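# Structural features, examined
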Amino acid sequence: MLTVALAGLRARWATFLASFLALTLGVGLLTTMGLGLASTFDAPRRAPERFASSPVVVMGRDTLTVEVRRGPGTAEVSKPLDRPHPVDEALVRDLGTLGAVVRAGGPDAVGVDAPAAAVRALVDGRAQVLTGDDRARADARTRQDAQALVAVNALLGTAGGVAAFVSVFVVASTFAFAVALRRREFGLLRTAGATPGQVRRVLLTEALVMGTAASAAGCVLGALGAPPLGRLLVQGEVAPGWFAVRAGVHWPLHAAFWTGLLVAVAGVWAASRRAGRVGPAEALRDADVDTGVLPRGRLVTGAVLAVAGAGLLVWGLATDPADLLGRKSWVTRPMLLISAVALLSPLLVRRVVRLLPVTGGGVGLLVRENTAASVRRTSAVAAPVLVTVALAGSLLGSAGTVTASRAAEARQSTAAQLVVTGEALAAPRLKGTALPAPRLKGAEVSASAATSVFVREEDTALIRYGARAVTDPAAFAGLARLPVVAGDVRDLDDGSIVVSEEWERRTVGEHVAVWLGDGRPARLRVAAVLAAGAGGDAVFVTAANAPGAAVDRIDVGLAPGTDRAGAARALRAATGGSVRTADAWAAAVHPRTSPQTRLGLLVVLGIALVYTAVCLAGTLLMATAARRDETASLRLAGATRGQVLRTVAGEALLAVAVGTVLGALVAAVDLAGMAAALSSLGAPVAMAVPWGAAASAAGVCAVIAVTCATAACPRTGSA
């Protein structure tokens, strides 16, 4: 069996080239992403900077640890606080009896020149005692680096998942088409006495041999590509400046290799079962119209995936619409629909072809009829285009829609004409309405600060909610335009809280147990409940419940007739912050897509586009090479070489157009679900359809398709 498989690979190397390249690329990407992930899990320990000269650092508590239920028992979970607690002054004085105490950069930590054992005995659990490289935890950059590594994890995990999905998709599609082209060969084998099981084993053996070679090549490719990926993430400001993908970690290589081999076998499994059912009569059959292109198993699987994709979307809208706005959801959700449409494409191809306009007289008519008749070839060409266009439309459209809706929601949430922002504004100078500039007399001013509130929900999870702490509840109520569904924001005081509908306990007047941003427990009364919205500010407390939070935003409502430009100058001089109109502030705080998010999406889409290029090139080279008799017949019938080339190019373009339409359909369904989720959450719906990106992806596919189709034609089109 191995001898037959090797002979088949040598004889039909061009047929397997596309699958080999796609699988090599897939394993290479998985290796690269795995090595990147391994580097984030085992980040190098950095030397301390803030207290580099102190052998011991005493730092206040910087995490909140709460006990939650885990199955029949309990477990402790921790969340980082907004800022570490200050070290108690009495403790600092006691530490001074042990040695020199160094203060640097704030009250949250001090350095001590004393033996660590003596410091631990004196502190006795009142604070954290750090030694060695752990002293770097007192550096501000440590938390920033941790957040950046989380972003790197999310990006690489998403890219790895997309790479695995697309590689399975492409390899399965390519193998299915290759098997369809070899039906007469399998018929001859059956005529010569081969059993269905032997035909299946030949194909599976070919897949194992090719998969082993491609996986090995992919591991080498991935190891070479990992260091440049690390540099790209640093240049794109996704990863910290010190981040680098390190060699010497072996588990990503093993995981990628065996995943690639599994993908190869899984990709050919369904095709091998169909090949085993080819009868001896297929050796004598030569039909120009594809028949039996949608086996029952494929039909059932496609229908199940379509129902599952639509069902999950409807279920999410009915139970938790906010979950549909999360990145994990809008990255993974399109994959079900893409798979379903691809599997059902034989049902859709002819219908879409009939709907698309085709010009060119007789050549155009021939292009349309050939494309509609050759369902297998058209589906094989349209499938990778479908993936690329659908992912481009869904990913970029979802990201743009969420951020645009959040910007619109932020603008609607305030009646202010001007918004002042900055890391530490001079807010105490703006209390009430008495402003230092006479031109702002009568203005309404609401200062607020970013903080956090922690809640234990269902006793099984500790949830952190970002919140705003307002310094003047009356001014806040006067300027706020929030989507209140119950209660009144004017009732907010030091003993209450405004929550969103996402909270487990949200009845107005009910008391909820929370932990504030500094970890202090509190029991607050629900003053009002807001619609969940698009993920903007939906939790509010007073400044008394956010100790240490610095004012970073001031909303200013101007009196009628106030000179806006003069007011902006006065505010800038009084606060030292950045003064914008409310519209400009909303656009600045919620840009269409952040550079980091855009880089991540471009990496994912780049993976899909490269796969598409490989699959299109291989499929069209195979398809055109298999049409020698057809193109020769056209020449014998009087067609010129130019007409043959236009026919082949037109068919390739029409197949790409079919894939574009199907991909746009998937993206439209996905974005419609997101719009419905935003609407059900009471958020403004600001659709951001990435026409340019989707059109560019389709254009690249068209260029590749035409180039590859016409490149193979001269070798087969002569009479």
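Summarised in this report is the structure supplied together with it. Keep in mind the model is a prediction, meaning the values are calculated, not measured.

Definitions and cut-offs
- Residues numbered from 1 in each chain as written.
- Predicted model: local features only at pLDDT ≥ 70, side-chain atom pairs only at ≥ 80, totals over all residues.
- Heavy atoms only, no water.
- Helix = DSSP H or I, 4+ residues; strand = E, 2+ residues; numbered from the N terminus.
- Buried < 20%, exposed > 50% of the residue type's maximum accessible area, 1.4 Å probe, protein only.
- Areas by Shrake-Rupley, 256 points an atom, 1.4 Å probe, with all protein chains shown as cover.
- Axes fitted to C-alpha atoms, helices over the stretch in contact; angles between N-to-C directions.
- Parallel < 35°, antiparallel > 145°, perpendicular 65-115°, else oblique.
- Left-handed = near helix turned anticlockwise from the far one by under 90°.
- Contact = heavy atoms within 4.5 Å.
- Nonpolar A, V, L, I, M, F, W, Y, C, P; charged D, E, K, R; others polar.
- Pairing = 2+ DSSP bridges.
- Arc of directions from axis to C-beta.
- Polar contact = N/O pair within 3.5 Å; in protein donor to acceptor, adjacent residues only side chain to side chain.
- Salt bridge = Lys/Arg side-chain N within 4 Å of Asp/Glu carboxyl O.
- 1 Å grid on protein atoms, 1.4 Å probe; cavity = no way out; pocket = protein on both sides within 12 Å on 5 of 7 lines; lining within 4 Å.
- Points joined across faces, edges and corners; volume = space filled by probe spheres on them.
- Patch = residues over 30% accessible without salt bridge, like charges linked within 9 Å, V, L, I, M, F, W, Y side chains within 5 Å.
- Lys, Arg positive; Asp, Glu negative; His and termini not counted.
- Charge placed at Lys NZ, Arg CZ, Asp CG, Glu CD.
- Phe/Tyr/Trp six-rings, centres within 6.5 Å; stacked < 30°, edge-to-face > 60°.
- Core = buried A, V, L, I, M, F, W, Y, C linked by side-chain atoms within 4.5 Å.

From N to C terminus, the protein chain includes 20 helices and 16 strands. Relative to its full complement of 719 residues, the protein chain shows a buried share of 49%. Accessible surface for the protein chain amounts to roughly 31500 Å². Of this, 60% is attributable to carbon and sulfur atoms.

Let us now look at the packing of helix α9 (residues 296–319) against helix α10 (residues 327–343). One can describe the packing of α9 onto α10 by two numbers: an axis separation of 8 Å at closest approach and a directional angle of 150 degrees. The angle between α9 and α10 places the two elements in the roughly antiparallel class. Between α9 and α10 the crossing geometry is left-handed. Residues R298, T301, G302, L305, A306, A308, G309, A310, L312 and L313 of α9 form the contact with α10, whose own contacting residues are R333, L336, L337, S339, A340, A342 and L343. Residues that form the contact of α9 with α10 fall into these classes: eleven nonpolar, four polar and two charged.

This brings us to the sheet that holds strand β5 (residues 109–112). Strand order in the open sheet formed by four strands is β4-β5-β1-β6, and the pairing between neighbours is antiparallel. This sheet does not close on itself; its edge strands, each paired only once, are β4 (101–103) and β6 (128–131). The average angle at which neighbouring strand axes cross in this sheet is 30 degrees, direction not considered. When β4 meets β5, the two strands line up antiparallel, connected through three bridges.

The set of residues buried in helix α3 (residues 89–96) consists of L91, V92 and L95. Along the axis of α3, the buried residues cluster in a sector spanning 105 degrees; they form a single face. Along its buried surface, α3 packs onto β1 (56–59), β4, β5 and α4 (116–123). Capping the start of α3, D88 holds a side-chain oxygen 2.9 Å from the backbone nitrogen of A90, two or three residues further along.

One pass over the full model with this rule turns up 14 salt bridges. Residue D108 is joined to R50 by a salt bridge in which the shortest nitrogen-to-oxygen separation is 2.9 Å. Here the residue D108 occupies a position in the loop between β4 and β5, and R50 occupies one in the loop between α2 (13–41) and β1, the gap between them amounting to 58 residues. A salt bridge links R553 to D555; the shortest N-O distance between them is 2.9 Å. Residue classification places D555 among the buried positions, given a relative accessible area of 7%. A single network of salt bridges, built from pairs that share partners, joins R69, R456 and D459.

Overall, the coordinates contain two cavities of 30 Å³ or more when judged by the stated rule. Of the voids in this model, the second largest cavity is the one considered here, and its volume is about 30 Å³. In terms of lining, the second largest cavity is formed by L23, G26, V27, L30, S167, G260 and V263. In terms of residue count, the dominant contributor to the lining of the second largest cavity is α2 (four residues). Tallied by class, the residues present in the lining of the second largest cavity amount to four nonpolar, three polar and no charged.

What follows concerns the pairing of strand β2 (residues 63–70). Of the strand pairs in this sheet, β2 and strand β3 (residues 73–80) are connected by eight bridges, and their pairing is antiparallel. Its bridge partner lying in β3, R70 is registered against G73.

Taken together, the side chains of D320, D323, E501 and E502 make up a negatively charged region of the molecular surface. Here D323 shows up in the loop between α9 and α10.

When you line up the elements, S39 lands in helix α2. In terms of polar contacts, S39 uses its side chain to reach the backbone carbonyl oxygen of L35, at 2.9 Å. Contacts of S39, omitting those with residues within four sequence positions, involve F243, A244, V245 and R246.

Further remarks concern the packing of aromatic side chains. For the structure on display, the rule yields three aromatic pairs. Measuring from centroid to centroid gives 5.1 Å for F257 and W258, while their planes differ by 90 degrees, and the two rings are edge-to-face. Note on F257: relative accessible area 18%, which makes it buried. With a relative accessible area of 54%, W258 lands in the exposed category. Centroid distance Y465 to W503: 5.0 Å. Interplanar angle 25 degrees. Geometry classified as stacked. Of this pair, Y465 sits in strand β9 (residues 461–470) while W503 sits in the loop between β11 (496–500) and β12 (511–516), and the two are 38 residues apart along the sequence. In terms of burial, Y465 and W503 fall into one category: buried.

In this section: the nonpolar core. Ranked by internal contacts, the top residues of the largest apolar core, which has 84 residues, are L233 and I338. Per element, the largest residue contribution to this core is twelve residues, and it comes from helix α5 (residues 140–181). In this view, I338 contacts F165, F169, L386, V387, A390, L391 and V666; residues no more than four positions away in its chain are not counted. Grouped together as the second largest cluster of nonpolar side chains are 20 residues, V381, V389, A655 and C713 included.

Here we come to a nonpolar patch on the surface. On the surface, V685, M687, V689 and W691 cluster together into a nonpolar patch covering about 400 Å² of accessible area. Structurally, M687 is set in the loop between α19 (641–680) and α20 (691–712).

Positive phi is not limited to glycine here, since D124 has a value of about 50 degrees. For E458, which is not glycine, the phi dihedral falls at a positive 55 degrees. Within the fold, E458 resides in the loop between β8 (444–457) and β9. Looking at E458, the relative accessible area reads 55%, which means it is exposed.

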